[in-house]
Amino acid sequence: MSSNATVTVEVGLGDRAYDILIGSGLLLRAGTEISRRLPGTRAAVVTDINVAAAHLETLKAGLEKGGIRPAVITLPAGEKTKSFTHLEEVVDGVLAARLERGDVVVALGGGVIGDLAGFAAGIVRRGMNFVQIPTSLLAQVDSSVGGKTGINSARGKNLIGIFHQPKLVLADTEVLDTLPIREFRAGYAELAKYGLIDRPDFFAWLEENWGKVFAGGPERTEAIAEACRAKADVVARDEFETGDRALLNLGHTFGHALEAATQYDSARLVHGEGVAIGMALAYRFSSRLNLASPDDAARVEAHLRAVGLLSRMADIPGELPDAEALLAFITQDKKVSRGALTFILTRGIGQAFIVKDVPASEVLSFLTENHPGQQKSRPGRPRGRPG
Ligand SMILES: NC(=O)c1ccc[n+]([C@@H]2O[C@H](COP(=O)([O-])OP(=O)(O)OC[C@H]3O[C@@H](n4cnc5c(N)ncnc54)[C@H](O)[C@@H]3O)[C@@H](O)[C@H]2O)c1
Ligand SMILES: O=C(O)C(=O)C[C@@H](O)[C@H](O)[C@H](O)COP(=O)(O)O
Ligand SMILES: [Zn+2]
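Remember, predicted model here, so these are calculated numbers, not experimental data.

Colleague: Mind showing me how you'd approach the site of ligand 1 here?
Modeller: Taken together, 33 residues lie around ligand 1, and N50, G110, G111, S136 and S143 are the ones closest in. Elements represented by at least two residues in the shell around ligand 1 include exactly α2 (49–64), α4 (111–123), α5 (137–143), α6 (181–198) and α10 (271–288). Of the residues in the shell around ligand 1, the class split is 11 nonpolar, 14 polar and 8 charged. Composition of the shell around ligand 1 by domain shows at least three residues from each of domain 1 (7–179) and domain 2 (183–370).

Colleague: What should I look at first to understand the sheet that holds strand β1 (residues 7–11) in this one?
Modeller: Sheet strands pair by backbone hydrogen bonding; their relative direction is either parallel or antiparallel. On the basis of which strands lie adjacent, the open sheet formed by 7 strands has the order β1-β2-β9-β6-β5-β3-β4 and mixed pairing. Since the sheet does not close on itself, it has two edges, and those belong to β1 and β4 (71–75), each with one partner. When the angles between neighbouring strand axes are averaged without regard to direction, this sheet yields 15 degrees. Summarising the sheet, strand β2 (residues 18–23) and strand β9 (residues 168–172) pair through 5 bridges and their orientation is parallel. Pairing of G23 across the sheet is with D172, part of β9. Sheet strands touched by α4: β3 (43–48), β5 (104–109) and β6 (129–134). Its angle to β5, the strand with the most contacts, is close to 170 degrees. Set on the sheet, helix α8 (residues 218–237) makes contact with β1, β2 and β9; between it and β1 the angle comes to about 10 degrees.

Colleague: I keep staring at the UniProt feature "binding site: NAD(+)" (unreviewed entry) in the protein and nothing clicks. Help me out?
Modeller: Here, the residues flagged by UniProt with the feature "binding site: NAD(+)" (unreviewed entry) are G111, V112, I113, G114, D115, T135, S136, K148 and K157. With respect to the helices and strands, T135 occurs in the loop between β6 and α5. Classification of T135 as buried rests on a count of 30 C-beta atoms within 10 Å. Non-local contacts of T135, meaning those with residues more than four positions away in its chain, are made with V51, H55, L108, G109, G110 and V175.

Colleague: Is there a simple way to think about the domain arrangement of the protein in this case?
Modeller: Annotation of the protein at the domain level lists domain 1 (7–179) and domain 2 (183–370). Each of domain 1 and domain 2 has a C-alpha centre, and the two are 25 Å apart. Contacts between the two partners involve 31 residues from domain 1 and, on the opposite side, 30 residues from domain 2. Counting only elements with at least two residues in the side of domain 1 that touches domain 2, the list comes to β1, β2, α5 and β8 (156–163).

Colleague: I keep staring at helix α12 (residues 323–330) and nothing clicks. Help me out?
Modeller: Residues three or four positions apart in an α-helix share a direction because the helix packs 3.6 residues into each turn. Within α12, burial applies to A323, L326, F329 and I330. End-on view of α12: buried residues confined to an arc of 115 degrees, all on one side of the axis. The inward-facing, buried residues of α12 contact β8, α9 (252–261), β10 (341–346) and α13 (360–370).

Colleague: What is the right way to read the nonpolar core from this model?
Modeller: Across soluble globular proteins, nonpolar side chains have a tendency to be buried as a group. By size, the foremost hydrophobic cluster in this structure holds 116 residues, and its most contacted members are V105, V106, A120, C228, M279 and A282. Here this core spans two domains, since at least three of its residues come from each of domain 1 (7–179) and domain 2 (183–370). Residues within four places of V105 in sequence aside, it is in contact with A44, V46, V94, A117, A120, A121, M128 and F130.

Colleague: Looking at this structure, I do not really get the UniProt feature "domain: 3-dehydroquinate synthase C-terminal" (unreviewed entry) in the protein. What am I missing?
Modeller: With numbering matched to this structure, UniProt assigns "domain: 3-dehydroquinate synthase C-terminal" (unreviewed entry) to residues 187–336. Counting secondary structure, residues 187–336 comes out at 65% helix and 0% strand; the distance between its end C-alpha atoms is 26 Å.

Colleague: Quick question: what am I supposed to make of the site of ligand 2 here?
Modeller: The local shell around ligand 2 consists of D142, G146, K148, N158, E190, E241, R245, L248, N249, H252 and K334. Here the residues of the shell around ligand 2 sort into 1 nonpolar, 4 polar and 6 charged. For the shell around ligand 2, the two domains that each supply at least three residues are domain 1 (7–179) and domain 2 (183–370).

Colleague: Sorry if this is basic, but what is going on with the pairing of β9 here?
Modeller: Most of β9 is tucked away, with 5 of its 5 residues classed as buried. Of the two faces of β9, the one lined by L168, L170 and D172 and the one lined by V169 and A171 are each fully buried.

Colleague: Mind showing me how you'd approach the environment of N209 here?
Modeller: Residue placement: N209 occurs in helix α7 (residues 200–215). Overall, N209 belongs to the partly exposed group, with 15 C-beta atoms counted inside 10 Å. In the structure, N209 is positioned 199 residues away from E10 in sequence and 25 Å away in space, judged by C-alpha atoms.

Colleague: Just checking my understanding: could you explain the packing of α6 against α7 for this structure?
Modeller: Each pair of packed helices gets described by two things: the angle between the helix axes and the distance between those axes. For the pair α6 and α7, the least separation of the axes is 8 Å and the interaxial angle reads 155 degrees. What the angle tells us is that α6 and α7 run roughly antiparallel. In this structure, α6 meets α7 at a crossing whose hand is right-handed. From α6, F184, A192, Y194, G195 and L196 reach across to α7, where they touch P200, F202, F203, L206 and F214.

Colleague: Where do I start with the pairing of β5 in this structure?
Modeller: The side chains of a regular strand alternate, first on one face of the sheet and then on the other. Most of β5 sits out of view: 6 of its 6 residues are buried. As paired elements, β3 and β5 share 5 bridges and run parallel to each other. For T47, the partnering residue across the bridge sits in β5 and is L108. Pairing geometry for β5 and β6, over 6 bridges, is parallel. Paired with V104 across the bridge in β6 is N129. For the crossover from β5 across α4 to β6, the handedness is right-handed.

Colleague: Would you mind going over the confidence of the model for the protein with me for this structure?
Modeller: Model confidence for the protein is summarised by a mean pLDDT of 96, while 96% of its residues fall at 70 or above. Note that residues 377–383 has pLDDT below 50 and, in this model, 3 contacts with residues that lie over four places away or in other chains. In the predicted assembly, ipTM is 1.00 and pTM is 0.97.

Procedures and definitions
- Residues numbered from 1 in each chain as written.
- Chains lettered and ligands numbered in written order.
- Predicted model: local features only at pLDDT ≥ 70, side-chain atom pairs only at ≥ 80, totals over all residues.
- Near = placed C-beta within 6 Å.
- Helix = DSSP H or I, 4+ residues; strand = E, 2+ residues; numbered from the N terminus.
- Nonpolar A, V, L, I, M, F, W, Y, C, P; charged D, E, K, R; others polar.
- Domains from an automatic or database assignment.
- Pairing = 2+ DSSP bridges.
- Axes fitted to C-alpha atoms, helices over the stretch in contact; angles between N-to-C directions.
- Contact = placed C-beta atoms within 7 Å.
- UniProt positions renumbered as here; feature names shortened; annotations may be inferred.
- Buried ≥ 20, exposed ≤ 12 C-beta atoms within 10 Å, placed from the backbone.
- Arc of directions from axis to C-beta.
- Core = buried A, V, L, I, M, F, W, Y, C linked by C-beta atoms within 7 Å.
- Parallel < 35°, antiparallel > 145°, perpendicular 65-115°, else oblique.
- Left-handed = near helix turned anticlockwise from the far one by under 90°.
- Right-handed = clockwise from strand over helix to strand, strands pointing away.
- pLDDT = per-residue confidence, 0-100.

Okay, structure coming up:
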């Protein structure tokens, strides 16, 4: 495949179906692509300061080609922006621009901006049009697709939000050239997740080709497209997570607890890093419960470390609250049903499954064993970031 070719993946949701376009130069095509689908629309672009500095002018030029001159709402960067305060700022900005229900909120940014702007689009005038222009790897392979939107609470991650599908996703692979390497790695964790859920061949391909994915070119585009196909498939089957969609939460039950425990401080832990540690923990927990082999858990951890990702709680800088406090965050997880904890566990690489009644006592023992401040003595790696 040429690295210039645009790949289209459809999210098959009937009369709410939409396209994900993946390729280079899409910012400059944004106006044409949006006005083809939403003729005569006006727009507000929501972005963060980092992305605005690197890509806002290009997007504005692209929108201009479709006759769109947007209002722009620029927010601080980082996970703490997914808050009521900034939700109010976006809602107020959209209303101040006097946009109508049929106009469009455009998210230009990573998953933080996409989740926040999507939530705002879903509640202003009871639901405006929404377009995702994801600029981080994580957003291109995961958060821009599927319609989960929302903000965080001090009591837990993503606890406030709605499902609100975009009308279009434009994943311009060129913008990834300005993404910091730490953020690229974090997004890679969600990419590897699809292999670990149910695509063992994709995981093996990543083990071989991750260097080319990091370097750019056709392997990167193909990996993003494969992730979007995988996600689109699950979302089309189970849009509102009544079943299989929960598989996309592999690594997230632990990961979200760690994000809340570190108070969404992006300097300590970003979402993809939490997912990387969470996936390694999910494999280790599955092995402890005799569901998966320790070799598979070791293989997952080895790959995460090979790309420079975190894989243990001890890799997070600073002190963590104790295992009981981590468990308290886990009991707030949205998958909890009538008090029973749900985890995504695994029988091996690409063999994830949903377990609906995991005893809290098992989780607590496991967290205690893996907690850097509560281990009696564990041979192994020194603390600190790999890579
Ligand atoms: N809705 C979903 O289905 C879903 C899926 C996965 C993750 N998420 C959410 O996504 C969020 C994480 O997203 P993220 O990892 O993209 O974080 P992010 O939005 O904070 O972006 C990461 C950092 O990279 C910067 N950045 C983004 N694109 C850039 C570019 N092209 N050039 C330079 N800098 C750039 C941002 O300013 C930010 O500092 C979390 O809140 C997570 O819960 C949602
Ligand atoms: O789209 C989904 O479904 C996912 O679970 C994707 C996850 O990567 C993402 O982090 C999502 O926001 C988590 O959802 P949540 O419902 O656990 O908050
Ligand atoms: Zn995620």
